[in-house]
There are 4 protein chains.
Amino acid sequence: MTPEAPAKETARVEAFSDGVFAIAITLLVLEFRVPRLGHDASGAQLWSALRELWPSLVAFFGSFAAILIMWVSHHGLFRMVKLVDTPFLYANGFMLLMVTFVPFPTAVLAEYLGHPGERVAAAFYCFTFVLMSITFQLWWWTTTRRRLLYEHVAPQQVARIWRSYRRGFAVYVAATALSFWSAAVGLGLCVALWVYWARLSYRTEV
Amino acid sequence: MTPEAPAKETARVEAFSDGVFAIAITLLVLEFRVPRLGHDASGAQLWSALRELWPSLVAFFGSFAAILIMWVSHHGLFRMVKLVDTPFLYANGFMLLMVTFVPFPTAVLAEYLGHPGERVAAAFYCFTFVLMSITFQLWWWTTTRRRLLYEHVAPQQVARIWRSYRRGFAVYVAATALSFWSAAVGLGLCVALWVYWARLSYRTEV
Amino acid sequence: MTPEAPAKETARVEAFSDGVFAIAITLLVLEFRVPRLGHDASGAQLWSALRELWPSLVAFFGSFAAILIMWVSHHGLFRMVKLVDTPFLYANGFMLLMVTFVPFPTAVLAEYLGHPGERVAAAFYCFTFVLMSITFQLWWWTTTRRRLLYEHVAPQQVARIWRSYRRGFAVYVAATALSFWSAAVGLGLCVALWVYWARLSYRTEV
Amino acid sequence: MTPEAPAKETARVEAFSDGVFAIAITLLVLEFRVPRLGHDASGAQLWSALRELWPSLVAFFGSFAAILIMWVSHHGLFRMVKLVDTPFLYANGFMLLMVTFVPFPTAVLAEYLGHPGERVAAAFYCFTFVLMSITFQLWWWTTTRRRLLYEHVAPQQVARIWRSYRRGFAVYVAATALSFWSAAVGLGLCVALWVYWARLSYRTEV
């Protein structure tokens, strides 16, 4: 309505999104359960119980890195966004839905990693990121389709982001399928993708 | 006191409200409970336990959508608000009270959906939105009554929002009553209302 | 350092405080525990189990109102604050410590209200607000002592806030003591104080 | 891209960090578990159960103070930061990873303090701060190495912060080692360091 209204709108969506990212990333710690060994447990027993939490540590670290990389990416993308409209708010909200869901597959993975159910747990975990990738693509599709970007964003840049999303989607689908064969391979593929993305954001933005 | 103070005030209320919305929407994931099948559970057992979580998924998705639509609506309404006073802060806080309560009926619904108690759980869920609707109406009443809106907001727009709230209230009351007869019908009515509102915000704002 | 630095600082402390208030107020809902009656429970059983949650509802509503009123008060006080320094940050943090603690006595109250332990639970709840009152006084003492207020804040206003805090402190001490005799009287005294404060903020600010 | 973009970027990183700090500090309260004595428990039994929560209170208070001091420190450091780039975002995220982890060792400490396992629990707690110290040093290394500070920040100030970090690291390593001998000594060393830092920030900034 007023000339500055769109800018204010962007700020509020970013703040809300940041809040959701910040909470989802912090809730991951709730997945760690304090070993309840009773009050008479010796130090050695507690030590051994803490060491058995390694799957929780792996799952925590992986999901933290994943959400952090998504936040950095969301952050970079938002720098290109000039305007906000209602479809964009829903597309953004749909993406946040998946982000808030991450602590649950993380907790499932932490519970079953290193045990017979680990392949199903890993496939469930990877599949969450297949859906995540779809919501990111929907977000980007809404943003570009409705011309919400700044004028200075080049078509090549838009196309490069599309390519990056399509590759990510393919990798997550492969990781989900491979998890049924080996949890380590499926999860390793996800980690490799995150490292690749983190390095990419290093090279393109710095 | 200073000419810009009111603007600053609005910003802080919006930030606080966004924080509450963001946290309430993220806490919904805590409703998912990791299946505790023991470490020897096979992948097939885990798979079957995860599939049995469909009521949690339905409840999570529904409540996420409901809170998101309320946030988008709150966001749109706040664009009309110019001034903030103490009664407004309490009306806003009363509305946030209901928003923070949503994870509880959601968890109750997730626990009993598909079981004999589902009709009571659905009625409890729908009734939460009856109360929610009342707090939104109180919010709007306070805002309009105390003349906190920008001058350019037309009386027709104010009246249209009142009509929309009254209809929403009637639908929620009907959904609560119908839930005692069929959980699916009661919940379906709520979902239909949310879809209608989401579409409405599409048409009026974009 | 630069002339605008203090303003930026205030903004960040307010944002952090708002975050803590928003999270503490939203965590209150975690106190509600879903009745685990098993999947075969009838609607009537669920209904009766939900009705037995009335102490949770009372505790939730009371603590929500208390935190909301404190937030509105904090909000009003911050409008008088011009500068921020390190002692102020610690005084503010100490006050937030008490705010984040509120969900615990609330949960204890919800568990024991209506049962033999209710008087101790109520006294524990009221005593939390005795400590809260001390941290608010420490906050105000730091703010006034270090001359962080705007020049236009009158000494009478400062004195009026001191009086209000001293009265609040006395009421909370009395509520704690009376709780050992009757939980309803102790808690009722707290509620009366909150209603008084809410009305006061209505009259003085609007 | 535009001249004001960096400033906006700093604001968003600060807001995200503040969100994570605020949530981590508020989640500490979840570590308190309501004594479940059954509904027939007398007031005296509840009173005695509440008194037995002293380890939770110690752990809560310690971790709250630690996170608060880190937040104040983060806050002071950010005032020197002019620019933000992707490596900085990851270094900051890595540091936040440790901040969000704090509630877990806090809960372990609360469970075992005053029991045979307390020395292992204290060592685990102190070791968390060894890792925390490493992430803070990485953060500072990234910030200074990539020249993200304002021009007016003196090399002496940078060097003084390095010295402070190295000392902190040494104290945490010592505290971890000494915890295996006595939990009180290890934890006392951490508390002494926090008091020293809190006083330091008083003297240097005020």
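These numbers come from a predicted model, not from an experiment.

## Focus: the overall build of chain A
Moving on, step 1. The secondary structure content of chain A amounts to eight helices and zero strands.
Moving on, step 2. The linear arrangement of helices and strands in chain A, starting from the amino end, is α-α-α-α-α-α-α-α.
Moving on, step 3. Expressed as lengths along the three principal axes of its C-alpha atoms, the size of chain A is roughly 65 × 35 × 30 Å.
Moving on, step 4. In chain A, which comprises 206 residues, the share counted as buried stands at 45%.
Moving on, step 5. For chain A, the share of sequence-separated contacts (at least 6 apart) that also reach a separation of at least 24 residues comes to 80%.

## Some remarks on the relation of the copies chain D and chain A
Moving on, step 1. When chain D is fitted onto chain A, the two copies agree to an RMSD of 0.0 Å after a turn of 90 degrees and an axial shift of 0.0 Å. Here the symmetry operator amounts to a four-fold rotation axis.
Moving on, step 2. Of all interface residues in chain D, a mere 10% are interface residues in chain A too; the two copies therefore contact each other through different surfaces.

## Focus on the relation of the copies chain B and chain A
Moving on, step 1. Here chain B sits on chain A after a turn of 90 degrees about the axis and a move of 0.0 Å along it, with an RMSD of 0.0 Å.
Moving on, step 2. Of the residues that chain B buries at the interface, just 9% are likewise interface residues in chain A, meaning the two copies contact each other through different surfaces.

## Digging into the nonpolar core
Moving on, step 1. Judged by nonpolar contacts, the single largest core of 253 residues is most densely connected at Ile67 of chain A, Ile67 of chain B, Ile67 of chain C together with Ile67 of chain D.
Moving on, step 2. Those residues in contact with Ile67 of chain D, other than ones at most four positions away along the chain, are Phe21, Ala24, Ile25, Val99 and Val102 of chain D.

## What about the arrangement of the chains?
Moving on, step 1. The least C-alpha distance between chain A and chain C, which are not in contact, is 9 Å.
Moving on, step 2. Regarding chain B and chain D, the two do not touch, and the least distance separating their C-alpha atoms is 9 Å.

## Points about the interface of chain D and chain A
Moving on, step 1. Counting from both sides, the interface comprises 31 residues of chain D and, opposite them, 32 residues of chain A.
Moving on, step 2. The element that contributes the greatest number of residues to the side of chain D that touches chain A is helix α1 (residues 5-27) of chain D, accounting for nine residues.
Moving on, step 3. For the side of chain D that touches chain A, the class distribution of residues is 21 nonpolar, six polar and four charged.

## Digging into the environment of Leu149 of chain B
Residues and elements named next belong to chain B.
Moving on, step 1. Tracing the backbone shows Leu149 in the loop between α6 (118-145) and α7 (155-179).
Moving on, step 2. Here Leu149 falls in the partly exposed class, since 17 other C-beta atoms lie within 10 Å of it.
Moving on, step 3. Here the alpha-carbon distance between Leu149 and Arg79, two residues 70 residues apart in the chain, equals 8.9 Å.
Moving on, step 4. Ignoring any residue separated from it by four or fewer positions in sequence, one finds Leu149 in contact with Met80, Val81, Lys82, Thr143 and Thr144.

## So, α7 of chain B
Moving on, step 1. Given a rise of 1.5 Å per residue, 25 residues ought to cover 36 Å, and the 36 Å separating the end C-alpha atoms of α7 of chain B matches this to within 8%.
Moving on, step 2. Within α7 of chain B the residues assigned to the buried category are Ile161, Gly168, Tyr172, Ala175, Thr176, Leu178 and Ser179 of chain B.

## Section: the interface of chain B and chain A
Moving on, step 1. At the junction of the two partners, chain B supplies 32 residues and chain A supplies 31 residues.
Moving on, step 2. Breaking the side of chain B that touches chain A down by element, the ones donating at least two residues are α1 (5-27), α2 (43-51), α3 (54-78) and α8 (183-205) of chain B.
Moving on, step 3. Top element by residues in the side of chain B that touches chain A is α1 of chain B. It accounts for nine residues.

## Thoughts on unusual backbone geometry
All names here are of chain C.
Moving on, step 1. Phi at Arg147 is positive, roughly 55 degrees, even though this residue is not glycine.
Moving on, step 2. Assignment of secondary structure puts Arg147 in the loop between α6 (118-145) and α7 (155-179).
Moving on, step 3. A count of 10 C-beta atoms within 10 Å places Arg147 in the exposed class.

## Here we look at the packing of helix α6 (residues 118-145) of chain A against helix α7 (residues 155-179) of chain A
Residue and element names in this part refer to chain A.
Moving on, step 1. Two numbers describe how α6 lies on α7: the axes approach to 8 Å, and their chain directions differ by 165 degrees. Here α6 lies roughly antiparallel to α7, going by the angle between them. For the crossing formed where α6 meets α7, the hand is left-handed. Of the residues in α7, those touching α6 at Arg119, Ala122, Ala123, Cys126, Phe127, Phe129, Val130, Ser133, Phe136, Gln137, Trp140 and Thr144 are Val158, Ile161, Tyr165, Gly168, Phe169, Tyr172, Val173, Ala175, Thr176 and Ser179.
Moving on, step 2. Looking at side-chain class alone, the contact of α6 with α7 contains 15 nonpolar, six polar and one charged residues.

## Describing the confidence of the model for chain A
Moving on, step 1. Within chain A, residue pLDDT values average 87, and 93% of them lie at 70 or more.
Moving on, step 2. By mean pLDDT, the top-scoring element of chain A is α6 of chain A (94), and the lowest-scoring one is helix α1 (residues 5-27) of chain A (77).

## With respect to the packing of helix α4 (residues 86-101) of chain B against α6 of chain B
Residues and elements named next belong to chain B.
Moving on, step 1. For the pair α4 and α6, the least separation of the axes is 9 Å and the interaxial angle reads 165 degrees. By the angle between their axes, α4 is roughly antiparallel relative to α6. You can see that α4 and α6 cross each other, and the crossing is left-handed. Where α4 abuts α6, its residues Pro87, Phe88, Ala91, Asn92, Phe94, Met95, Met98 and Phe101 lie against Thr128, Leu131, Met132, Thr135, Phe136, Leu138, Trp139, Thr142 and Thr143.
Moving on, step 2. Residues of the contact of α4 with α6, tallied by class, amount to twelve nonpolar, five polar and no charged.

## Some details on the environment of Glu52 of chain B
Residues and elements named next belong to chain B.
Moving on, step 1. Tracing the sequence through the fold places Glu52 in the loop between α2 and α3.
Moving on, step 2. Owing to 11 C-beta atoms within 10 Å, Glu52 belongs among the exposed residues under this scheme.
Moving on, step 3. Sequence spacing of Glu52 and Pro35 is 17 residues, and the spatial spacing of their C-alpha atoms is 9.7 Å.

## Overview of the environment of Trp141 of chain A
Moving on, step 1. Position of Trp141 of chain A relative to the elements: it lies in helix α6.
Moving on, step 2. Spatially, the C-alpha atom of Trp141 of chain A lies 14 Å from that of Leu83 of chain A, the residues being 58 residues apart in sequence.

Calculation notes
- Residues numbered from 1 in each chain as written.
- Chains lettered and ligands numbered in written order.
- Predicted model: local features only at pLDDT ≥ 70, side-chain atom pairs only at ≥ 80, totals over all residues.
- Helix = DSSP H or I, 4+ residues; strand = E, 2+ residues; numbered from the N terminus.
- Buried ≥ 20, exposed ≤ 12 C-beta atoms within 10 Å, placed from the backbone.
- Contact = placed C-beta atoms within 7 Å.
- Least-squares fit on C-alpha atoms with pLDDT ≥ 70 in both.
- Core = buried A, V, L, I, M, F, W, Y, C linked by C-beta atoms within 7 Å.
- Nonpolar A, V, L, I, M, F, W, Y, C, P; charged D, E, K, R; others polar.
- Expected span 1.5 Å × (residues − 1).
- Axes fitted to C-alpha atoms, helices over the stretch in contact; angles between N-to-C directions.
- Parallel < 35°, antiparallel > 145°, perpendicular 65-115°, else oblique.
- Left-handed = near helix turned anticlockwise from the far one by under 90°.
- pLDDT = per-residue confidence, 0-100.

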